[in-house]
Amino acid sequence: WYQHEELGFNYRMSNVIAGVVRGQIPYLKEHIEQKKAIYFRYQEGLKDLPVHFSDIDPRTEPNYWLTVLSIDKDSGKTPDDAIDMLAGENIESRRAWNPMHSQPFFAQYEYYTDSASVSQRIFDTGMCMPSGDSMTDDDVQRVIEVFRRTFE
């Protein structure tokens, strides 16, 4: 996750990147289908582990651009355990997004929440799985097998 220490950090896209993205638009539906298949492969391959995927509202159609799962706190495992396990096999993954209230720049300001901060819970238990549209079925299966070792 990224720690922003100054105001004005910008995720803007360069002209070159914008041109590359524009060239991918004709393949967008295909990429979404590939990412959707990866999402459901993970869901099926990890269904017996103490992990959860977000429910999909039947009134919507997500783009599956990221595959984010959460690890049950009671499992004794954390996202860092799984991330380290994957990294040991040269598989990149990362934490779910870092809440704004925990960014160094905003630490000086008051943070208001009810009894449970949803953003903090997502960060504490969530992680992004590899989900690039170039992943093969074998790649996804390998990620599943390595991820499962976290709970052995």
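Residues numbered from 1 in each chain as written. Predicted model: local features only at pLDDT ≥ 70, side-chain atom pairs only at ≥ 80, totals over all residues. Heavy atoms only, no water.

Draft legend 1. Looking closely at the packing of aromatic side chains. Using the criterion set out here, one finds five aromatic pairs in the structure. Taking 5.5 Å as the distance between ring centres and 75° as the angle between the ring planes, the aromatic pair formed by Tyr 39 and Phe 53 counts as edge-to-face. Here Tyr 39, found in helix H2 (residues 28-45), pairs with Phe 53, found in strand E1 (residues 51-53); they are 14 residues apart in sequence, far enough to count as distant. Taken as a pair, Tyr 39 and Phe 53 share a single burial class, namely buried. Grouping aromatic residues by their ring pairs yields a cluster made of Tyr 39, Phe 40, Phe 53 and Tyr 64. A cation sits over an aromatic face here: Arg 95 above Phe 123, 4.7 Å from the ring centre. (Phe/Tyr/Trp six-rings, centres within 6.5 Å; stacked < 30°, edge-to-face > 60°. Helix = DSSP H or I, 4+ residues; strand = E, 2+ residues; numbered from the N terminus. Buried < 20%, exposed > 50% of the residue type's maximum accessible area, 1.4 Å probe, protein only. Lys NZ or Arg CZ within 6 Å of the ring centre and 35° of its normal.)

Draft legend 2. Molecular detail of the sheet that holds strand E3 (residues 94-95). Read across the open sheet, the four strands follow the order E1-E2-E4-E3; overall the sheet is antiparallel. On the outer flanks of this sheet lie E1 and E3, each paired with one strand and no other. Inspection of the sheet shows E1 paired to strand E2 (residues 67-71) by three bridges, in the antiparallel sense. Considered in E2, the bridge of Val 51 is made with Ile 71. Across the sheet, helix H3 (residues 79-87) touches E2, E3 and strand E4 (126-129), and the angle it forms with E4 is around 25°. (Pairing = 2+ DSSP bridges. Contact = heavy atoms within 4.5 Å. Axes fitted to C-alpha atoms, helices over the stretch in contact; angles between N-to-C directions.)

Draft legend 3. Fine view of the packing of H2 against helix H5 (residues 137-149). Where H2 meets H5, the closest approach of the two axes is 10 Å, and the angle between their N-to-C directions is 35°. Note that H2 runs across H5; the crossing there is right-handed. Contact with H2, carried on its side by Ile 38, Arg 41, Tyr 42 and Gly 45, involves Asp 137, Val 140, Gln 141, Val 143, Ile 144 and Arg 148 of H5 and no other residues of that element. Across the contact of H2 with H5, the residue classes tally to five nonpolar, two polar and three charged. (Left-handed = near helix turned anticlockwise from the far one by under 90°. Nonpolar A, V, L, I, M, F, W, Y, C, P; charged D, E, K, R; others polar.)

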